[in-house]
Amino acid sequence: IHEDVCSQTGVTLSRYMMEMVRVNPELEEIESIFTSLQVACKALSNLVRTSSLSGLTGLEGDGGSINIQGEEQKKLDVIANDVLKKALRWNGKLATIASEEEDEPVDILKDNMGNPVFSNDILVEANGHYVAVFDPLDGSSNIDAGIPVGTIFGIFDQPECPIEFDNMKRSEDRCLQDALQPGTNLVAAGYCLYSSATTFVFTLGGGVHGFTLDERIGEFVLTHPNIKMPPRGKIYSLNEANRWDWDSPLQKYVTDIQQGLGDTKTRYSSRYIGSMVADVHRTLQYGGIFGYPADKKNPDGKLRLLYEAAPMAFLVEQAGGLALTGKHRIAEIPPVRVHQRVPCILGSRDDVLEMRRYYVESQ
Ligand code: AHG
Ligand code: MN
Ligand code: MN
Ligand code: MN
């Protein structure tokens with residue numbers, strides 16, 4: 001069924017998930033979480049598309065607040081975070097969420113005042129044991145310029161706990177423990193790209209599939225079955241303004257591929273959108289290499305491990321690519337802080353392996 005459903009472009013995401021659950025009943029709760037994610041991403045697609053209608057929505061520009069990363073929060077950063085929290089709260093399958101726009105992981109079964117949100121008269125039973133980590137609006141500094149932005153998400157199951165925690169007495173450190181898991185623990189990951197089309201791309205561990213929002217029927221339909229990244233590309237995607245602060249193996253690698261001195265002997269072209277979701281979406285399809293490497297100013301790079309680099313690493317590896325810090329596999333790094341950053345270089349297998357050689361040979 002999986003192959004059959006996968007091959008029928010045009011099948012809706014809802015139908016695809018139903019078929020997946022028929023074959024893998026243990027995915028039933030993930031299906032419910034995906035229903036919430038779909039609703040949130042459709043709402044965000046609409047908000048992003050209309051945010052520049054400033055007279056109508058007033059959603060453009062800064063929200064005047066700073067997040068724990070010290071970043072200026074766009075109004076839409078905060079709104080997108082709320083949209084996702086609400087959508088994910090009401091399916092009752094999640095226990096904890098962590099977000100770029102939340103200081104600490106949140107017990108999603110409680111409201112902002114810490115009171116249980118589910119009372120016994122609400123149909124949905126609050127037995128959530130999944131953990132969602134997300135970047136509600138990736139590339140948000142670009143939003144007022146009409147440049148593509150996206151949402152990134154990852155889903156974990158709760159780790160075994162040494163002692164039994166009662167849901168209602170869950171403490172901050174239980175939520176922290178739920179969230180601080182390496183990419184290898186992810187059971188699902190993906191992104192939604194808000195661009196010329198709204199495309200929802202994800203993996204459940206059985207390959208990567210892309211669904212495009214058909215606005216006429218309000219459904220995500222299968223358009224990119226079983227995405228496989230070309231093993232080699234000819235595009236590099238890095239913010240070259242940081243070039244002189246990169247470590248020397250990377251500077252040498254980029255100089256070589258720019259001059260046609262790399263393995264392929266062809267000169268690479270540069271494409272950098274500045275929205276990770278958009279740069280990864282292109283890399284998944286066209287191949288090549290994307291990165292936000294370490295540099296002298298940012299020894300851990302800029303991208304956050306938990307809700308940017310690790311979910312994207314899961315996707316990229318499922319599509320046949322690689323995702324490294326430079327030398328080490330990103331998916332294996334256990335986070336120690338929710339918002340910790342990690343150097344991230346990902347893309348076509350042969351391109352990333354070639355890049356890695358420069359590090360190994362420089363030792
Ligand atoms: P976010 O908007 O979620 O804070 O993430 C922005 C990230 C990522 O989307 C992108 O790859 C990177 O910032 C671009 O950083 P520079 O503008 O410094 O190149
Ligand atoms: Mn941000
Ligand atoms: Mn981001
Ligand atoms: Mn963001």
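An unreviewed UniProt entry annotates the chain as fructose-bisphosphatase of Nitzschia inconspicua. Under the Sequence similarities (unreviewed entry) heading, UniProt states for the chain: "Belongs to the FBPase class 1 family." The chain has a UniProt comment under Catalytic activity (unreviewed entry) that states "beta-D-fructose 1,6-bisphosphate + H2O = beta-D-fructose 6-phosphate + phosphate".

### Digging into the sheet that holds strand β13 (residues 289-292)
What the 5 strands build is an open sheet, ordered β12-β11-β13-β15-β14; its pairing is mixed. Looking at the sheet topology across the chains shown, the edges are occupied by β12 (269-270) and β14 (322-324). As paired elements, strand β11 (residues 235-237) and β12 share 2 bridges and run parallel to each other. If you follow Tyr-236 over to β12, its bridge partner there is Ser-270.

### Digging into the packing of helix α2 (residues 13-23) against helix α3 (residues 28-50)
Viewed as axis vectors pointing N to C, α2 and α3 meet at an angle of 170°, and their least axial separation amounts to 9 Å. Classed by the angle they form, the pair α2 and α3 counts as roughly antiparallel. Contacts between α2 and α3 involve Leu-13, Ser-14, Met-17, Met-18 and Val-21 from the former and Glu-28, Ile-30, Glu-31, Phe-34 and Gln-38 from the latter. For the contact of α2 with α3, a count of residues per class yields 6 nonpolar, 2 polar and 2 charged.

### Quick look at the coordination of the manganese ion (ligand 4)
Donor atoms from the polypeptide that bind the manganese ion (ligand 4) are Glu-100 (OE), Asp-135 (OD) and Leu-137 (O), placed at 2.0 to 2.3 Å. Here the donor residues for the manganese ion (ligand 4) map to a single chain with the spacing E-x34-D-x1-L. Between the two metals, the manganese ion (ligand 4) and the manganese ion (ligand 2), the spacing is 3.6 Å, and Glu-100 donates to both. Placement of Glu-100 in the loop between β3 (94-99) and β4 (106-107) and of Asp-135 in strand β5 (residues 130-138) is noted, with a sequence separation of 35 residues between them. This pair shows no difference in class: Glu-100 is buried, exactly as Asp-135 is.

### Overview of the pairing of β5
For β5, a buried count of 9 out of 9 residues is recorded, marking the element as mostly surrounded by other parts of the structure. Here β3 runs beside β5; their pairing, made up of 5 bridges, is parallel. Looking at the pairing, Leu-94 lines up with Tyr-130 of β5. In this structure, β5 lies alongside strand β6 (residues 149-157), joined through 7 bridges in antiparallel fashion.

### Digging into the site of ligand 1
The environment of ligand 1 is formed by 18 residues, the closest being Asp-138, Gly-139, Tyr-272, Met-276 and Lys-302. Glu-308 places a polar side-chain atom, nitrogen or oxygen, 3.3 Å from an oxygen atom of ligand 1. When isolated, ligand 1 has an accessible area of 470 Å², and the protein chains bury 87% of it. More than half of the atoms of ligand 1 fall within 2 Å of the grid points belonging to the largest pocket. Every element with two or more residues in the shell around ligand 1 is listed here: β5 and β13. With 3 residues, the top contributor of residues to the shell around ligand 1 is β5.

Parameters at a glance
- Residues numbered from 1 in each chain as written.
- Chains lettered and ligands numbered in written order.
- Predicted model: local features only at pLDDT ≥ 70, side-chain atom pairs only at ≥ 80, totals over all residues.
- Heavy atoms only, no water.
- UniProt positions renumbered as here; feature names shortened; annotations may be inferred.
- Pairing = 2+ DSSP bridges.
- Helix = DSSP H or I, 4+ residues; strand = E, 2+ residues; numbered from the N terminus.
- Axes fitted to C-alpha atoms, helices over the stretch in contact; angles between N-to-C directions.
- Parallel < 35°, antiparallel > 145°, perpendicular 65-115°, else oblique.
- Contact = heavy atoms within 4.5 Å.
- Nonpolar A, V, L, I, M, F, W, Y, C, P; charged D, E, K, R; others polar.
- Donors = N, O, S within 2.8 Å, 3.2 Å for Na, K, Ca; no water.
- Buried < 20%, exposed > 50% of the residue type's maximum accessible area, 1.4 Å probe, protein only.
- Near = heavy atom within 4 Å.
- Polar contact = N/O pair within 3.5 Å; in protein donor to acceptor, adjacent residues only side chain to side chain.
- Areas by Shrake-Rupley, 256 points an atom, 1.4 Å probe, with all protein chains shown as cover.
- 1 Å grid on protein atoms, 1.4 Å probe; cavity = no way out; pocket = protein on both sides within 12 Å on 5 of 7 lines; lining within 4 Å.
- Sits in = over half its atoms within 2 Å of the grid points.

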